[in-house]
Each structure stands twice: as structure tokens, then as C-alpha cells.
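Chain residues, written in single-letter form:
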Amino acid sequence: MNTETHSSRSVLGKHASRIQRIGTTLPFGDERHLEAHQWLVDESYLLDAQAYEQWLDLLTDDIHYLMPVRVTTALGTGFDTSPGMAHFDEDKYSLSRRVARFLTEHAWTEDPPSRLRHHLSNVRTFATPDENHLVVESATLLFRNRGDVRESSLISAGREDLLRRASSGANWQLARRTIMVDESVMRMQNLAIFL
Amino acid sequence: MTTQSRVLADVRRGMIPAHIYNDAEIFALEKERIFSRAWLFVAHESEIAKPGDYVVRRVLEDSFIVTRDEQGEIRAHFNMCLHRGMQVCRAEMGNASHFRCPYHGWSYRNDGRIVGLPFHQDAYGGEDGFKRKGQRLLPAPNLGIHNGMIFLSLDPGAPPLREFLGDFAFYLDYYTKQSPSGIELRGPQRWRVKANWKIGAENFAGDMYHTPQTHTSVVEIGLFREPKAEKRKDGCTYWAGNGGGTTYKLPAGDLDERLRYVGYPQVMIDRMKETWSSAQCKVVGNDGFMISAASVFPNLSFVHNWPRVAESDDVLPFISVRQWQPISENETEVLSWFAVDAEAPEDFKALSYKAYLMCFGSTGMFEQDDVENWVSLTNTAAGSMARRLRLNSRMGILADGTEVAPALTAEQFAGPGSARTGYSEYNQRALLARWADHLERPVAAAATFEVGGDGQGRGTAERNGDDASDESPALDDVPSETTHEITGA
């Protein structure tokens, strides 16, 4: 399969799997949807708790984790992301460095830690040509609050994930994620968080 | 507006009234006397490479369409329809031969000239009622370009951009001219931080002292080859013309070895050697100093660093250009671009971009901790206690003005301006001294422009000595009236 994905069009995602969805949304009662939905809920709790080492274990070694920069363009322009730029354009190494940094005692931006809540919704699951891959779409709303005088901040984003398992019955892992944030100018002081 | 002479005097002796980092009155003065006068970066030519390409950028509240017209000329139009003042272009980037206002349908070519005015005859009685001929979107009062970097000034009488930059232009080449083709700029990432705009500018101008503390974590995770952030004090800071910056001291070697040490491939090094002056080569090759962070007054900064980007001992250099765009006295929009030599090999460009994302920008591991500090500082500066505090910004000089470390001699540092090794706050003081100079000096009243009347006007176009003016008269020739009185400090 050699179709275009957000990852394949990004600067650092050429290595990522190009497996795409087929067909329409799986029924909500479908076993595959239930597994994918639970995977996302469990992941949200890890991200809220900043349990980043456990989170890293959920990612495949060839993960591509992409968060494009959204831009305001006229209707019909054909693009709404900044060419050649992203907020995150990550592989396992760069994500592992970010996680390692949070585990030092000197990542000041998260000491004291933020209070985080990833609100997950709108989960849709799609089959792919390979039974060991699923495409899952979801919405996430991250609420972040620090200290006592600063206003809280929010990030709203849609996500498209590619989940993979080594074999039938094995645990699912994240192989590809695209985060489409809903702001062109972020209203959060930094992205020392994951979505 | 109250006089701020006491504040300015304190700032000039290096005792900073803490409230200047969160003070509505000071900010009002900054808007009037700094941001309506200084040269401000808006875009790079590579962002609008083809005719019709445009980006929309702000100078504080003023929106400008920065575009390359069909003749290839770079222009900046005030993004306000001449009819009812609607914002003409509401996208932030794209390609367009014309801009049409959505309100009543007035339209403009990308060189700013009005081409469509519905019912001109029926509604206005033609040219006798509204002189359409020669009308154009209001140009930025002053536009200058250096190394492809496009700057605007709202002051039609501003000194030429090159003069404004002064000897900092020598250092600007390290960031923006590593080959005859110069840089390509990607981005920007944009985000708002609840911090005063001056803090970032000061930090990038000269704060080597914060690195060992603020950025301990990125050293601990092995992102850098140098094991200790304390190495920073072996570097030097320099101030030249209208800007200054920091450097790292490199291990012994010649120019090629030192550029290879920070990760440049030989093909890029060869072009640097052809492009840079002998003095520019000497700073790196003989003196052993490699540029790192820098700021140009008032709010443009640069950074150059060379982290590991994979499980390997190799490092890769990256460059970022960033602007601290003020929103208010306690909020700043950060615009952070990735810059890379246009002639660099494609695999270098990709890995340099990776290095940038890991270190700076909205997700950068350096930037995350910087911003946390700056937000906290700004918040603390708002109250009444901050008005009692004069922060000591005199690092590097004794009480009687004696220097802790002497300036480097021409034999030790081949660049222009004044340079010193070790920790000091010379650059922060130089930046804030310019800030004080601007705040002290009233601005002249701006000329006004009457749409469709007898007066026709546009600003002067200035391009580093190239004569880019056209047939239109300069703004100075427009019959003007004073719009507001300025009270002196």
C-alpha cells in the first residue's frame, strides 16, 4: 500500500506505516471498536497521571507522532497546515528524550506538576486491510491548570491513530498518530504535555 | 501619561524596577515610542518566494499583508480596506493576484492598487466624486530588507534598516547567510505566553548565566556532547550595533574542524568559507567562539545550538528565528521559525529541523523551562511589592563601575563591538539602555491619509540602498494634520 498520510507528507514521518482505513465506521458493539476505545481510555489516564514511562511502552518502535501547525487559509486553498513545520514530528528516540527529561528532577516546567485531564470523546474505529491494524479517530480536550493564580488553559484536538498488534490476541500499540489541533495560535504556555 | 524619568534613570544604572515587566502604563509608552518607531521583523523572502505569495503579519495590533507582487517586488500593505476599514485579507498565508474585501467588494491588486470599486459611477459620480486612480492599500510607512529578512517601521523617517542594525549585521550573517542563497524559513509556530515581551529578548541577548540552572535537565538526558552546562562561562557575550548575543567556546581546531565539531557537513563549511568575511571566519576558526543565542532590539531573537538527534554521538546544528510579539504588558505571542541554509543537503535540513523541534519552539525542551520562568516572573511583577524592588542587573561590574573581566582584545575576538568571556549582564543592560532611549524620546505625529480625496500617498520603500521607490509621492508630501499631541517625558 502506498497511499499518502499526514505522516508521509511530514518532514520526519517517511518511515511511518502507510496503512489506511477501509470501509465505514465499525459498529460500536464490534469487538475491535471496544478494544480500541478501551485502549484510548486507558491511555488518557496514563497521560493525566504523567505516567510517561508506561505510556512509552504503548508505542511501537517505528512510531510517528505528529502534530501539525494549523494555519488559517482561504476556503479552497487546499491546505490548512504549515508546510514543512509541526509542533511534534517525533520518533521513538525524540519521544524517549522528552520522557527522560520529565523523569529528571530538573524539568522545572512540570515541577510542581500541572493538573491534567484529557477528555476523550467521538471515538470511531475503522478496519484496515490487515487484521492486526486498526485506524481510530477520536477527539481530545486537554484541561491544564498550574499553581493558584494562573488561568487554566485548554487544547482541543482531533486525532487519527494507527493501532497495531503483533498477532491476534496480543496487546495493541500505537504506530502512528496525527493530532489536528483546533487553534492556529496555541493558548498554552508550552506543550510539555502529550495529546 | 506620567513621566517615567525615574524608572529610566534606574534602568540606565542597571537597577531594574521590577514592575516594568508588568505595567500597563509602561506598555502604553512602549507601544507609542518603541513599536511605532523601531524596525520590526515581519517575514523572510523565502516565505513568499513566488509572485502572489503572501503572509499576514502583525505589528502589535496593525495587520499587514506582506506579499510579492507580480513584478517580484516585496510589499507590505496595511490590511484595512480603504472603504469601510474591513480587514481585506483574513487568511494568514496563501497566493493571490488580488484581494477582495468581503464587505462591499472593493478589490486590490497584490501591489496594493485598487482595481475594483463597484458602482463607481453610479454611487460616487466617478472620478469627480472618488479619485480611484492611484489609490492603494496603505503601505507600511517603511520597509527594509537585509539578508532576505523583511522589516517594517511605522516611522516614515526611520533611519535605514542597515544603519539600525549597525555592526550586529556582522553576526546576523552567521544565522542567515551561510551560503550565497541565504536561509529558508519555515513556520512559524505561534503560541501565547503570559509573560512580558522584554524578558525573552533580554534572555536571548546575553543570559549565559541561566543555562546551568534552567537547562540542567536537557544536559542530564544526554542531549549535548558537553557534559556540563557550566562550560557556558568559557564562551563570550558580545554587543554590536543594535544587538548582541552569546557564544560557546569550542575545543581547539581550525575553522573546518570547529564547524565540523558542531555538526556541519563539509559541503556547507566550504560555502560558509566562501560567503563569510575573513573576520567572520576568524571569530570561529581562530578565536574559537561559536554563536548561540542573540537578540536585536527590540523583540527579535535568534538561537543556534547543536544537540544529538539520535542514539549516536553525532550532533546536528539548528537555527531558530523568533519574535516576542507583545499582546499586553503581561502577554506575548511567540512566533518561532526554523531556519536552514537554502543550499544545505536535504538530509541535513531534515535532521536540523528535528534538532530544532527537540530544543526550541512550542514543544522545545529548552523553551519549556524558559517560559515557565518568564510567566512566573511576569506574574510576580504585577503587585505593589514589585514596585519597591530594584532588581540588580549589574553583573560584570563592581559598585564603582570597574569591570570584573576586561573586554576581549582584537587579537582575542575578531568581531566588531565589545565582547567578554564569562557571566555578565552587559548585553541585558545594553538592550534596556536602548529601551530607555526610545521611551524617553517623543514620537513625531504621524501623517494622515485621506481616501479618495486630493491627497495621494504612500510610504517610502527602502531596501538597503536599492532604490525601490515608484512614481507615487512619499507620505511626507501628503497634506497632513496632526492626529494627536505627544507629551514629553
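Residues numbered from 1 in each chain as written. Chains lettered and ligands numbered in written order. Predicted model: local features only at pLDDT ≥ 70, side-chain atom pairs only at ≥ 80, totals over all residues.

Draft legend 1. Structural detail: the overall build of chain B. When you go through chain B residue by residue, the secondary structure sums to 14 helices and 22 strands. Against the 2.2 N^0.38 benchmark of 23 Å for 489 residues, chain B shows a C-alpha radius of gyration of 24 Å, consistent with a compact globule. Seen through its C-alpha atoms, chain B measures out along the principal axes to roughly 75 × 55 × 40 Å. The buried share of chain B, taken over its 489 residues, is 50%. (Helix = DSSP H or I, 4+ residues; strand = E, 2+ residues; numbered from the N terminus. Rg over C-alpha atoms; globule rule 2.2 N^0.38 Å. Buried ≥ 20, exposed ≤ 12 C-beta atoms within 10 Å, placed from the backbone.)

Draft legend 2. Main features of the overall build of chain A. For chain A, the count of helices and strands is four helices and six strands. Walking chain A from its N terminus toward its C terminus, one meets helices and strands in the order α-α-α-β-β-α-β-β-β-β. A compact globule built from 195 residues would reach a C-alpha radius of gyration of about 16 Å, and chain A, at 17 Å, matches this within 12%. Summarising its shape, the C-alpha atoms of chain A cover approximately 50 × 45 × 30 Å along the three principal directions. Here chain A holds 195 residues, and 39% of them are scored as buried. Considering only contacts within chain A whose residues lie at least 6 apart along the sequence, 60% involve residues at least 24 apart. (Contact = placed C-beta atoms within 7 Å.)

Draft legend 3. Summary view of the interface of chain A and chain B. Facing 36 residues of chain A, the contacting portion of chain B comprises 38 residues. Taken together, the elements giving at least two residues each to the side of chain A that touches chain B come down to β2 (81–90) and α4 (92–103) of chain A. Classifying every residue of the side of chain A that touches chain B by side-chain character gives 17 nonpolar, 13 polar and six charged. (Nonpolar A, V, L, I, M, F, W, Y, C, P; charged D, E, K, R; others polar.)

Draft legend 4. Broad picture of the nonpolar core. Residues and elements named next belong to chain B. Among the nonpolar cores identified, the biggest contains 167 residues, and Val42 and Val66 are the most heavily contacted of them. Both of domain 1 (40–146 + 446–477) and domain 2 (167–439) provide at least three residues apiece to this core. Once residues within four sequence positions are removed from consideration, valine 66 is found in contact with Val42, Ala43, Ile48, Tyr54, Val55, Arg57, Ala76 and Ile150. (Core = buried A, V, L, I, M, F, W, Y, C linked by C-beta atoms within 7 Å. Domains from an automatic or database assignment.)

Draft legend 5. Spotlight on the domain arrangement of chain B. Residue and element names in this part refer to chain B. Domain assignment breaks chain B into domain 1 (40–146 + 446–477) and domain 2 (167–439). Taken over C-alpha atoms, the centre of domain 1 sits 35 Å from the centre of domain 2. Contacts between the two partners involve seven residues from domain 1, matched on the other side by nine residues from domain 2. Here the residues of the side of domain 1 that touches domain 2 are counted per class, giving two nonpolar, three polar and two charged.

Draft legend 6. Representation of the sheet that holds strand β1 (residues 59–70) of chain A. Residue and element names in this part refer to chain A. Read across the open sheet, the six strands follow the order β2-β1-β6-β5-β4-β3; overall the sheet is mixed. The open sheet terminates on both sides in strands that have one partner only, identified here as β2 and β3 (115–127). Averaged over all adjacent pairs, the angle separating strand axes in this sheet is 25°, with direction ignored. Pairing of β1 with β2, which is carried by five bridges, proceeds in the antiparallel orientation. Counterpart to leucine 66 in the pairing with β2 is aspartate 89. Strands β3, β4 (133–145), β5 (153–165) and β6 (172–181) of the sheet are contacted by helix α2 (residues 31–48), whose axis makes an angle of about 165° with β3. Where α4 meets the sheet, it contacts β1 and β2, and its direction lies at approximately 80° from that of β1. (Pairing = 2+ DSSP bridges. Axes fitted to C-alpha atoms, helices over the stretch in contact; angles between N-to-C directions.)

Draft legend 7. Spotlight on the pairing of strand β17 (residues 318–328) of chain B. Residues and elements named next belong to chain B. By the criterion of burial, β17 is predominantly enclosed, with nine of the 11 residues buried. Here strand β16 (residues 300–305) pairs with β17 via six bridges, running antiparallel. Bridge pairing in β17 places phenylalanine 302 opposite valine 321. Bridge count for β17 against strand β18 (residues 331–341) is nine bridges, and the pairing is antiparallel. In the strand pairing of β18, glutamine 323 is matched with leucine 335. Hairpin geometry of β17 and β18 is characterised by an intervening segment of two residues between the two adjacent antiparallel strands.

Draft legend 8. Molecular detail of unusual backbone geometry. All names here are of chain B. Of note, the bond from glycine 187 into proline 188 is cis; its omega dihedral lies within 30 degrees of zero at 0°. In this fold, proline 188 is placed in strand β12 (residues 183–193). Omega for the bond connecting phenylalanine 297 with proline 298 falls within 30 degrees of zero, at 0°, which places this linkage in the cis form. If you trace the backbone, proline 298 turns up in the loop between β15 (289–296) and β16.

Draft legend 9. Representation of helix α2 (residues 24–33) of chain B. Residues and elements named next belong to chain B. Of all the residues in α2, the buried ones are Ile26, Glu30 and Arg33. All buried residues of α2 lie within an arc of 90° about the axis, which places them on one face of the element. Away from its buried face, by an angle of more than 90 degrees, α2 presents the exposed residues Ala24 and Ala28. Residues of α2 that are buried make contact with α14 (426–440). (Arc of directions from axis to C-beta.)

Draft legend 10. Representation of the confidence of the model for chain B in the model. All names here are of chain B. Within chain B, residue pLDDT values average 90, and 91% of them lie at 70 or more. A low-confidence stretch, residues 455–489 (pLDDT under 50), is modelled with 68 contacts involving residues beyond four sequence positions or located in other chains. Of the two predicted TM-score estimates for the complex, the pTM is 0.93 and the ipTM is 0.97. (pLDDT = per-residue confidence, 0-100.)

Draft legend 11. Region of the structure containing helix α12 (residues 346–359) of chain B. Taking 1.5 Å of rise per residue, the 14 residues of α12 of chain B would be expected to cover 20 Å, and the 20 Å separating its terminal C-alpha atoms lies within 8% of that figure. Of all 14 residues making up α12 of chain B, 10 are buried, and the element is well covered by its neighbours. Taken together, the buried positions of α12 of chain B are Lys349, Leu351, Ser352, Tyr353, Lys354, Ala355, Tyr356, Leu357, Met358 and Cys359 of chain B. Residues of α12 of chain B that are buried in the fold lie against β2 and α4 of chain A together with β16, β17, β18 and α13 (365–380) of chain B. Once α12 of chain B ends, the next one or two residues include glycine 361 of chain B, with phi positive near 90°. (Expected span 1.5 Å × (residues − 1).)

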